[in-house]
Amino acid sequence: MSEAILGIETSCDETAAAVVADGAAVLGNVVHSQVELHARWRGVVPEVASRSHTERVLPIVAQALAEAGLAPADLAAVAVTHRPGMVGCLLVGLAAAKALCWRFAKPLLAVDHVQAHVHTGLLADPAMPLPALALVASGGHTALWLLHEPGRTERLGTTRDDAAGEALDKGAALLGLPYPGGPAIEAAAAGGDGRAFPLPRTLLGPDSLDFSFSGLKTALLYTLRPQAGPPLPPPAGAVLRDLAASYQAAVVDVLVQKLLRAAARFPVRSLCIGGGVARNATLRERLRAEPALSHLHLVLPAPALCADNGAMVASLGFHHLRAGRIAPLDLDAIATPQAGGKTKVRP
Ligand code: KG4
Ligand code: ZN
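Residues numbered from 1 in each chain as written. Chains lettered and ligands numbered in written order. Predicted model: local features only at pLDDT ≥ 70, side-chain atom pairs only at ≥ 80, totals over all residues. Heavy atoms only, no water.

Trainee: Would you take a moment to explain the site of ligand 1 for this structure?
Mentor: Around ligand 1, 20 residues are found, and the nearest of them are Gly139, Asp169, Gly182, Glu186 and Gly276. Glycine 139 has a polar backbone atom sitting 2.9 Å from an oxygen atom of ligand 1. Taking aspartate 308, its side chain carries an N or O atom lying 3.1 Å from an oxygen atom of ligand 1. Burial of ligand 1 by the protein amounts to 88% of the accessible area it has alone, namely 550 Å². Counting residues per element, the ones that place at least two in the shell around ligand 1 are α4 (113–118), α6 (164–174) and α7 (181–188). Considering each element in turn, the shell around ligand 1 owes the most residues, four residues, to α7. Of the residues belonging to the shell around ligand 1, the class tally is five nonpolar, eleven polar and four charged. Counting contributing residues, the shell around ligand 1 receives three or more from each of domain 1 (4–119 + 305–322) and domain 2 (128–301). (Near = heavy atom within 4 Å. Polar contact = N/O pair within 3.5 Å; in protein donor to acceptor, adjacent residues only side chain to side chain. Areas by Shrake-Rupley, 256 points an atom, 1.4 Å probe, with all protein chains shown as cover. Helix = DSSP H or I, 4+ residues; strand = E, 2+ residues; numbered from the N terminus. Nonpolar A, V, L, I, M, F, W, Y, C, P; charged D, E, K, R; others polar. Domains from an automatic or database assignment.)

Trainee: When you look at the sheet that holds strand β6 (residues 132–137) in this model, what are you seeing that I'm missing?
Mentor: Neighbouring strands of a sheet are bound in pairs by backbone hydrogen bonds; such pairs are parallel or else antiparallel. The sheet built from five strands is open, its strands ordered β8-β7-β6-β9-β10 with mixed pairing. This sheet does not close on itself; its edge strands, each paired only once, are β8 (152–158) and β10 (297–299). Taking each pair of neighbouring strands and ignoring which way they run, the sheet shows an average axis angle of 20°. Direction of pairing for β6 relative to strand β9 (residues 270–274): parallel, over a ladder of five bridges. Residue pairing in the sheet places leucine 135 in a bridge with isoleucine 273 of β9. (Pairing = 2+ DSSP bridges. Axes fitted to C-alpha atoms, helices over the stretch in contact; angles between N-to-C directions.)

Trainee: What is the right way to read helix α2 (residues 46–68) from this model?
Mentor: Given 3.6 residues per turn, any residue in an α-helix points the same way as the ones three and four places further on. Over its 23 residues, α2 extends 31 Å from the first C-alpha to the last, a length consistent with the 33 Å expected when each residue adds 1.5 Å. Of all the bends in α2, the greatest, near 45°, is centred on arginine 56, and the proline proline 59 appears no more than four residues after it. Regarding α2, the residues found buried are Ala49, Ser50, Ser52, His53, Val57, Ile60, Val61, Ala64, Leu65 and Ala68. If you follow the buried residues of α2, they end up packed against β1 (4–9), β2 (14–21), β3 (25–33), α1 (35–38) and α3 (87–104). (Expected span 1.5 Å × (residues − 1). Bend = angle between axes of the 7 residues up to and from the residue. Buried < 20%, exposed > 50% of the residue type's maximum accessible area, 1.4 Å probe, protein only. Contact = heavy atoms within 4.5 Å.)

Trainee: I'm lost on the coordination of the zinc ion (ligand 2) in this one. Help?
Mentor: All of the protein donors around the zinc ion (ligand 2) are His113 (NE2), His117 (NE2) and Asp308 (OD); their distances to the metal are 2.1 to 2.2 Å. When the donors of the zinc ion (ligand 2) are listed by position in the chain, the intervening gaps give H-x3-H-x190-D. On the criterion of sequence distance, the pair formed by histidine 117 in helix α4 and aspartate 308 in the loop between α11 (303–306) and α12 (310–322) is long-range, its members being 191 residues apart. For the pair formed by histidine 117 and aspartate 308, the shared burial category is buried. (Donors = N, O, S within 2.8 Å, 3.2 Å for Na, K, Ca; no water.)

Okay, here's the thing in structure tokens:
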């Protein structure tokens, strides 16, 4: 008898719901992106986001259930992202999940959004050998994790300033490209030369597994507006292609270098990625081609599972249910990621 779990995600600017059986079989998966609502502000406006979630969440849950061909009564549980994120946004998903649990007498499962990205490898490939090294790179977070077993993770390093996606979003703004910047830079970089402009790779010393991307953004700014001499004209054509490719290459290089460091230091069996930046084709190609990672079982989840979605929430919820980690119906929304997970551990 399979256990179908409804996962609800409203922590940022995607209203998402999915039904997943046994942690990995996606029966229904619906995502509504608010990107158009926020594009003119080049970032997510919390009040606009939570209002849109309020309007959309119930129809999206209904659509996910319809895709799965299930009624709420058929569910084993309801999982919801309750941290981290914008509190007003989280509260919308939480209210919907609690109402369903109350009405249909289902267990509520509390999911940490970052952990859901860490566990996406297990959703894409439930047979992924553990322990795994997981890279989570999104607009709000960039970190390396050890995934020892479902629900047990350890953070190895994180960003000291901007997240990788944030660096791409800010870089795109400097280049005159639209928001969100990651896909815009990826598209603009097509056919460009990633070595054309020398941009820095900040590695923070030989042993560090932390990240720093703020210097890269500043370096791009000074490339466009040199301190001596006149600013360059707004980049276009081949120059824009090369700038976008060089900027993307710098972000991808740092992510790959840090993965290589961690893979050499920890006895992991697999490598998986999650978060919006994990959609990036250049990053995925680099990981597939990297000889020093070829001994690892590589899991590159489908791009739709890397960006924010309800399936990753339902999948981690399944592991919580298995372990008996049921949340109370007065569960709170919390802005910060889950505590625990030591940083900068040594093997
Ligand atoms: O995981 P996500 O959908 O939301 C957060 O939790 O932040 O990640 C969004 C981030 C944005 O910064 C966006 O620019 C970036 O992921 N992104 C990409 C690509 N698609 C989205 N970055 C690089 N390449 C992409 N194709
Ligand atoms: Zn995310």
